[in-house]
Structure formats: structure tokens, C-alpha cells
Amino acid sequence: MGAQKKGATARVSEDPEELARHPLQAILLADSFTTKFRPITLERPKVLLPLVNIPMINYTLAWLESAGVEEVFVFCCAHSKQVIDYLESSEWSSQPNFSVTTIESHNSISAGDALRLIYERNVIHGDFVLISGDTVSNMSLTQALQEHKDRRKKDANAIMTMVVKQSKPSPITQQSRLGTDELFMAINPVTKQLLYYEDKAEYSKGFISLDKTLIADNPSVILHNDKQDCYIDICSQQVLSLFTDNFDYQHLRRHFVKGLLVDDIMGYKIFTHEIHSSYAARIDNFRSYDTISKDIIQRWTYPFVPDVLCGSSAIKVERQGTYRASDVTLSRSAQFGSFTFIGQGTKIGTDTKISHSVIGERCTIGSNVTIEGSYIWNNVTIEDGCRLRNAIVCDGVILKSGAVLQPGVILSFKVVVGQQFVVPAYSKVSLLQQPTQQDSDEELEYADSTSGTGELRSDKLNGDIAPDLSETASELGTGGVGYIWTVFEGAYDEEWRHSVAPIPTDKLVKLMLDKDEDEELLTQDGNVISASRELKTDSDGNGSEDDDNEDSRDDYVSFEKEVEATFLRAVHENVKVDLAVLEVNALRLSYNMASVDCGGAIFYSMMKLAVESPHNSASELHRNAADIVTTWQKLLKSFLHDIDEEIEVILKFEEMCLESAKEFAALFPQILHLLYDKEILQEDAILRWADEKEGADESDKVFLKRSEKFIQWLREAEEEEDE
Amino acid sequence: MDFQVVVLAGGNSKNLTPLVSKELPKPLLPVANCPVLNYVLHQLEQSNLKDLIVVVEGEDAALLVGAWISGTFIDRLHVEIAAVPEDIGTAGALRAISHHLTAKDILVVSGDLVSDVPPGALAATHRRHDAAVTTMLCSIPVSGPLESGSSGGKDKAKKLGRYNIIGLDPSKQFLLHIATEIEKDARISKRILHAVGQMEMRSDLMDAHMYAFKRSVLQEVLDIKDTFQSLKEDVLPYLVRSQLKSEALLNRTPQGEENSNEKVSSQNNQAFISRILANASTPSFHGLYSENPDGSSSTRKTHKCCVYIASSSSYCVRLNSIQAFMDINRDVTGDADHLLSPNNIIGPSPKLGTKTTVGPNCRLGEGSEMGDKCQVKRSIIGRHCRIGSHVKAVNSVVMNHVTIGDGCIIQGSVICSNVQLQERVVLKDCQVGAGFVVTAGSEYKAESLAKKEK
């Protein structure tokens, strides 16, 4: 192991000048610690997935080599064996002046764990490049590195330089062409220091909050919504020790960058380096896989394009960006569109049309097949008359004749699609069963902390899947083999966002209209908050505390609005109660509300609906309310866990009777009774409320008096029970 | 130019007591022996903006101001004087005179602005962009005495906490965000960031209180939002905030015909989508947002909020505090002496006693007399003052008809008209209100002396 020997010699020299001259090192994370490429990544690590017929990691390694990196530490976790085997058998193990060392771990669940492990190994001795194995780039590191070093000389706290690139997200979907969510950054235009970083993970409001000291310290700050994070970082050694010191840092951006920016106790700084003409992008999801594949075919990543990477004469580039390996068997009547890649040993039948697609090696494609915008990996058999649009088809898949793949379909390894079977859009099909619901539920929130283990477990799964295949074969038509993964409800919306298929136009239109509504809400809110609240605070100086209250009040009002909208949608679209509970819960989290607030808000929406439904008399109104309460009692009940929350509902109801829905005032005791009957309110709650109200002002006791009889009855019932 | 100018001259500013009084409203407060209002009017005249409405708070003050203007600018400017009640705010004042506004665009300028930035430049910017509002921004002035140097000044500016947070587009032409310095964090709308891509947040710029409005927009905002009090704190932020989504009130602006049909007709979707997909090179973010799902660009209204940023070398300060008053007096006689208009020339030289020295950056009004062995440094002495012997005046402003006894020492102070300082008075950083009598031998430091109001 040449790498370690080098490390040993370097450790002797303590002189900083010496250290600066140390060979450039890089850490390559061969695990993305996410689950976005499932089900494919259950069987093969992401870095080994073919990108225009070459495993992704090759692009990254080739770039690192060309950028002057001499020593790469490849960190493998999920499917580590596959990665190590691949690297050992590849040309990378025998390059002069470029050593690739693997570091294996079985229990790392995040990038943070990986860096902590690397720190323990004590192999990094100076500035290093931190990159994940799914990054394609052709940028030159020289300038960025020089800037980084110069800054380090002046300020030892400048520990990281992030590479960013211009890329304006779509105004409608708010995502970049790579399918990643929009990113907000604040950068000092002079020093290029990064001052603020927000990806959509913490998206909640229509506002960005910049700390005022930040603005006071920097006379000019540029807020960017038009940059893309390339996930190429030049780091100093301290980065590793920081991860060790802060053992809760998991995610490179969400925890580490955010942590340094928000609590800058140690004064560490992060800077940015913008690239303009060169290429850098990370394959984060299926959409970026599609985008980057196209970029490679169109040679934006030159010299990292298939014909150069594969060397010599194996692949020829022809007109209109078509790449063809030397021994392709092509029928005379087959048609090639532009920007298409066809790998070695592939056979293509008559009248087959292929455009904007990548076809791997040794595939057999029948006659009258249409392939459009799809990625077919190796050894795939496509029989006559199949139609594929915007799909990813992994190794060894068989499409029986007449099968149709609708846009966005992912077929994992060795899946068989039956004759004439239509695989619905956005399906993910695998021989492996979908991990249990509970598992994926967790992943929704902590995608980066559980995924690693998930993928590890799947390794073990690998062995025992074969037996139960036959049972469910019918899922993919006659003769089909594989499971269609169900999409978890919450994630359904995300499916089309990150899919390999372009976003359908009706989605765009819908989104556009939704956004309009949102904006209306926002503008309204802005006006409600009082035209110039944000301006007035300084004039009276002491208003800050009120302001906070007002703030949470505003939050609550908009939260209530959202809950109401959710509830109404649930009513009108017949959404299941469980789903509604889930949605309200999501709202609760995003607005940071307690479940007390949820109960109140839901109850409010229910009663409002009752008032708004047509009714002519008090008794009809009562019936309306009774109907709604009966239908949705489960929803309400799921947010009322204890007595306090139930009391809150009563208080809310009182408030409504006084303000927004006076019609209920007369019905107060009846509704109270109704809620009691439906077991939404326990008698304890009602009695406690009555006791609390006992000491209140006369004016406050209006409703208590009205329901006196009912309460009396409750008390008596209780006493009887006691006896 | 079809521009009407509204000069908000103010009246009795509380910040400036005891300098201003019933007899001397703020617009007439002398800066280097010349009413502060003169500086604005002079600049307007230079830019050929001659159709003016001067709004003064209070009837009495209006009469005084009117008398002065008609005496000074007769035949040179077309001025109307309008009196408005006190404490109705800048927006309130405009609302009160709204029916006098007839021109297509309105230039609103604060009467206490001492600046060499030509108002014409702002007006031209406004016209060029066909903006709803254009505001002038200038660098934050360094306040405090000159000696403290630039670093000290910076600290002061921070302490004052009066600077704005201003968001500009990359071309520095559009105003995207504005907020005065606030207690907590700055909140920036993501929507506007989506539209524009990148926004520069500046905290080193100051709103100079010179605005150009489209009249129709201004009138409608004042009309509909009747709670708006201040231009700077209500009207301007409102316009900035709603620039991508002008509300109904701006629909009457004469650009294109109305199309009230908000519904999207599905056959038009296709065209619209192709437009979205091809948006890569939209000329301006306003353009993108003003497009409509049905392909026309009529229902969704945007308006532009523009800025004119004065070059950092230009002079631009508002006289809104005593400190500012001192600074302006210092600057106008010193660094920024080009601001003194020609009609400012001093009359017959004042009479000076023997061995009396008058340093540079000083100004002596006509008919003033000084005794022997006086020293005047960086100070302004008004008209018809009588100054005894052995008087020392440094960094001070002495207005008209002031009597100063022998042996007085005045430092960093303002002495208003008709004040009498008896012998051997020592004043440091004081303000002495009009008509006050300081008894012999008294010493004051950092105090405000004024006659008790009856």
C-alpha cells in the first residue's frame, strides 16, 4: 500500500510549510447515505451504477486524477465489498502517481460517521478535496485551491471552500435542472464568504431570516437563489476534527455547514468558489441522472466523455451526438435519433426507433421497439413491439413482447415484465420486496440516518428473496417477475419531481396555479401583519417582546388556515381519516405547533364547516355539526391525548361562540353534550373546565351558565358512580 | 418635464428643539446663514423642476415660509404653499394635498435635505423605467465631529441604528426589499428571490427621502390604505412588497387593456407551457411575472420599484437632528461648500476688531461686529451680531442678532437668534434657544437652554 507509506513519511514533518507541500489528498464517499436510488441501490452501490455505460465512480476518479489529486481515500459502506472488488480489478489500482485506498465501514450511517472514521485513521495531513462518488466534473482545481490556501494563510479559520455554479431553479417547480430543491445562499460579494445556507430541507415559510448582526457586519450581502451546490468541497484538516468534536453532525450540509454558520462560536468560516465555464454536478436523484447523462452525451463534461474514458477505438462518435461501439449489430431499418449511445455487442432488430437514449452492452432489442429518453443498462432483452419512454432499465431485465413502460419507470435488476403488460408511470419494480412501511416512515424524516443500515440489511436480504418470487409474479403480467413498489403516500408528490421523466405539463400548470394561490395568501398575510410591522419595531424599540408574541400569533393564524384548508379538502375529496391525520401532523411539525393547537384548529375547522353548510334553523345547524363530528371524530380524537387538550377544545369553542360563529352560542350545551356522547370530551375535561371557569368574571361565565344543567347532570352521574 | 414637485418642508420638529420655534419653523432654520429650504429649492431650480407645492405643517409656519419663498424665489419658481395639520405624517400630508396633484409623475422631496444630487437625475431614472416609484439612495453620512476620523464615524452610524436594509437586483436598478434596521432578523420574501435569482442586501445605503411616484399609483395607495402614515415606513415598503403582484388598485395604470378573465383556458396551456420552458432568457423578472397563464400579459400586474443611487462622492444629508445640523453647517462651509448658492454671498464685510482672527471654514453674516482679540474657528456667525472682545467661538453656529459679551468661550454650540450671552459665559456642546439670556459667568456643558414656554 503505497498510500500508507507516504502518509507515514509525511507525519514526521511538523513544519507548516512542509505540510503545505504535501501531496493533495481527496476523500471520496462511495455511499450517498440516502435512499433516492432505491430499489436499484438495494443490489448495487450507487457509485457503480453505469452513467452512459461507465460506472459513476470512474468519472469522479478520473476528474480527481486530472485535477492533480495524488491520493484518494474511497470510503465504502453500503455494498462495500462490491466497491472494493471493482476498484481492485479496475485500472485505478495500478495508476502511477495516483493511489486509491479504500476504507471500509459497516456501521456508518452518514457522511459525518464516515469523516469521523477517517479522522481516527489519521491519514489526512493537509487540505483535502471532499467529494462523493457520484459527482461529474471537469473543473480545474488549481484556482480554487490557491484561493483556499491564500485565505488560510490570512485566516486560519477559513476551513472550507465550497464550489458553486450558476443554475437558476425553475420558477414553477422551484427545483434545479438536476432535480434538487432550490437553494438559498447569502454570500459576501467581496470576500466570497458564505453567510447563509438553506436547502429545502428546512423550508417552511415564505421568508428568509437573516440575522441582523450578519447584515451589520457585512455592508453588502448577496442573496442567491440562482446557484447550485456542486458538492465539491476543499477542506482543511480541521473539518475532520470538527466532525469528531461535534459527534451529532451527520449531514455535510444540513448539520455541518449549518452548524458552522449558525453557531459560529469557534469563528470558523466557509467560503465559496464559483465556476463559470466548467462543469460540476452531482447525481442526487433520477432526474439528475437523466440530466447529467444528457450533458455527458452532449460533451459538456469533456474530457470525461465515454469515448475518451473508454480509450482508443472502442466507441465512435458519429453525427448528431450518436455514440456507437464497434461491434453493434444493427438492422438496416433501425432508426437512430440524435444523442444516443449504443454499447458493445448490442443487437437491434428491424424498424426499431431509438432516440435520446443510452443502451448498454450485450443487449438484445427486437423489432418494432420504440425507445425514447431511456437508460438501458447491460444484458437487457427487449422483445418485439415494446415501447419505452423515459425509463431506467437495469442489468438483466427482460421485457416480453409488447410490454410498455410509461414515463418514469425504474426496473431494477433482472426484473421480467410480462407480455403486453403496461407498467404504470413512476413505478419502481424490483425483485426485492419493498422494505416495511415502518422503515420507510422513518426515512422520510431522517433519510440520512437510517438509510445506511437499510442498505446493509438489504445485503442480507439478497440471499433469501428467490423463494417467494413465484407467488407475486402476476404483479407484472403473465410471466413477469418482480414486485411493484408502492409509493408511500407522503412521498407521492415527490415522485414526479425526482423522476427520470420530464415533468408532465398538467403538473406544471397545476403547480403554477397553486403557487398563485399561495402567493395570494402570502401577500394577504403580509398585509394583515400590518403594513409595516417590520419597519416599526425600531421606532419604539421596546416592542420586541410583543413582537415575538405577535409573531407566534401570526404563525398560529396561518397554521389554523392551513389546517382548515386541509380539513376542507379532506371533506370534499373524501380523504381517509388516517391520511388527514398524517397531513395535519405534517403541518404541525412544519409550523412547530403543539398537538393542543392541532385539536383546537381541527375543531375550529369542523365547526366552521358546520356553520357554513346551509341550514335554516338551530336544529339543522345542530344536525350539521353532529354529522361532521360523527364523520371526523377519529381525526379530532387523534389530537386529543389528554385532558388539557380537551379543555383547549372547549375554550376554543367558547371563543368561537363569542366571535366568529355566534350562531353556536345558543347551541353551546347541546354541542358540548354531543362531544361528550361521541367520547371526544371526557367528563373530567368538562368538569375541570367548569371548575376553572368558576372563578372567572361574570361575563366569562355566560356559557358555563348555559350548560349548567348538563354539568350538573355530569356531576350527579359521577357521584352515582362513586357510590 | 411633466413633473410636479412636492416639498415636504415640515414645521416644528421636536428633534430640533430648541433650535426651531414658532417664529422660526424648521424650513427656515439657517444653515450657513441661509434657510435650509433654500438648498432644496435651489437644486430643484437647477434641474428645471419649477412647478412646486411646498407643504408646511401648521398655518403660522406656512405663512412664514410662504413669505420667505415669495421674497426669495419670486419669478424663479412657481410655488404653491399648502398648510397641513401637524402630526399627520408624510403620507398624511400628501393625502391632504392629493387633489392638487395633476402631473403624470410626482417628485416628493423632504424639505430638510441638503444635497448636491440633482433631482433631475432621479426624475429621469423614474421615467426611463416607467416605474411606479423611484427612490434615491445615498451612502450613509459620517456623522459626528470631523476630528473623530472615519472609524469613529462608522461606530456612530451603527449606534444610531437608523440605516436601512435595502435589497437590490444585480443591475442595481430595482428596489426589491426595504426595511429599516430592526430588532430581530431581517426577513426577505422568497418569492422575489425566485423571480430575480439574486439579490444584493445593502446596509450601507440610506433612503434620502426623495421619491418619484407615478401619480395614479400614489393617489390610489393613499386612497385605499388610509392608515398609511409615512411614505418611508408604509407606502414605500408596501409598493416594494407588492411589486410582483400589484393589487387591483394599480390596474388602472394605463398599460394594456383589462382582461378580467382569470380562468385558465386549457387550450392555451400549451402555449403557456412552451413559454415557461423557454423562459431561460427572459429580459426582466418583472416581465416573467407579468405573464399570464393564458399567454397574454394583462391580468397579472407588476410594477417597478426603482432606485437611483447617488455616487458616493456626492453630498446628501438630512437635517433631522441637532447633530445633523452641526454636521451640515460644518460641511457646507467646509468640504461641501459648492452647495452654497450664489445668492448666499455675504453682504458688506463685518467689522472686526484688532487682533481678531477668523479661521478657514467660517462664515460671518452682514452687519455683525466683533471686538478685539476674538478667535473664530470653523464657526458660523449670523447677521447683525454683536460680539465683544476676547471671545472664542469654535465649531459653533451663532444665528442672527445675537449679543455675546466679553470673554465668552463657545464650543460646539448653537446659539439661536436674539440670544444674549453676558460676560465670561462658557458653553460647550450646548443649544441655546431663541431669545434666551445666559447670565454672566455661567458655565454649561452639553445642555439645552431655552425660554420656558408660556
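What counts, and where the lines are drawn
- Residues numbered from 1 in each chain as written.
- Chains lettered and ligands numbered in written order.
- Predicted model: local features only at pLDDT ≥ 70, side-chain atom pairs only at ≥ 80, totals over all residues.
- Heavy atoms only, no water.
- Helix = DSSP H or I, 4+ residues; strand = E, 2+ residues; numbered from the N terminus.
- Contact = heavy atoms within 4.5 Å.
- Buried < 20%, exposed > 50% of the residue type's maximum accessible area, 1.4 Å probe, protein only.
- Pairing = 2+ DSSP bridges.
- Core = buried A, V, L, I, M, F, W, Y, C linked by side-chain atoms within 4.5 Å.
- Domains from an automatic or database assignment.
- Phe/Tyr/Trp six-rings, centres within 6.5 Å; stacked < 30°, edge-to-face > 60°.
- Lys NZ or Arg CZ within 6 Å of the ring centre and 35° of its normal.
- pLDDT = per-residue confidence, 0-100.

Overview of the environment of V571(A)
All names here are of chain A. Tracing the backbone through its elements, the reader meets V571 in helix 16 (residues 544–572). With 61 residues separating them in the primary sequence, V571 and W632 have C-alpha atoms 9.0 Å apart. The contact partners of V571, leaving out residues within four places of it in the chain, are L609 and W632.

Quick notes on helix 7 (residues 215–224) of chain B
Those residues of helix 7 of chain B not exposed but buried are V217(B), L218(B), Q219(B), E220(B), V221(B) and L222(B). Where helix 7 of chain B is buried, its residues contact helix 3 (89–96), strand 4 (105–110), strand 11 (205–214) and helix 8 (231–241) of chain B.

A word on the sheet that holds strand 29 (residues 443–445) of chain B
All names here are of chain B. As summarised here, the arrangement of the six strands in space is 14-17-20-23-26-29, forming an open sheet in which the pairing is parallel. Looking at strand neighbours, the two that pair on one side only are strand 14 (357–358) and strand 29, the edges of this open sheet. In the sheet, strand 26 (residues 426–428) pairs with strand 29 via three bridges, with the strands oriented parallel. Across the sheet, V426 pairs through a bridge with E443, a residue of strand 29.

Considering the nonpolar core
Core analysis: the largest hydrophobic core is formed by 95 residues, its most contacted members being L64(A), V74(A), I382(A), L388(A), L399(A) and L411(A). Tallying contributions element by element places helix 3 (residues 56–66) of chain A first for this core, with seven residues. No fewer than three residues from each of domain 1 (25–202 + 210–286) and domain 2 (313–433 + 480–485) of chain A sit in this core. With near-sequence residues (within four places) excluded, I382(A) lies in contact with T364(A), I365(A), G366(A), V369(A), I371(A), I376(A), L388(A) and L399(A). Ranked by size, the runner-up nonpolar core spans 82 residues in total, among them L19(B), V54(B), L364(B) and V419(B).

Regarding the packing of aromatic side chains
Residue and element names in this part refer to chain A. Counting across every chain of the model gives 17 aromatic pairs over all chains. Within the aromatic cluster, the residues linked to one another by ring pairs are F37, F286, Y289, Y375, W377 and F413. Between R282 and the ring centre of Y231, over which it is positioned, the NZ or CZ distance is 4.7 Å.

Looking at the confidence of the model for chain A
The predicted model of chain A has a mean per-residue pLDDT of 78, with 83% of residues at 70 or higher. Of the regions scoring below 50 in pLDDT, residues 1–19 of chain A engages in 13 contacts with residues more than four places distant in sequence or in other chains.

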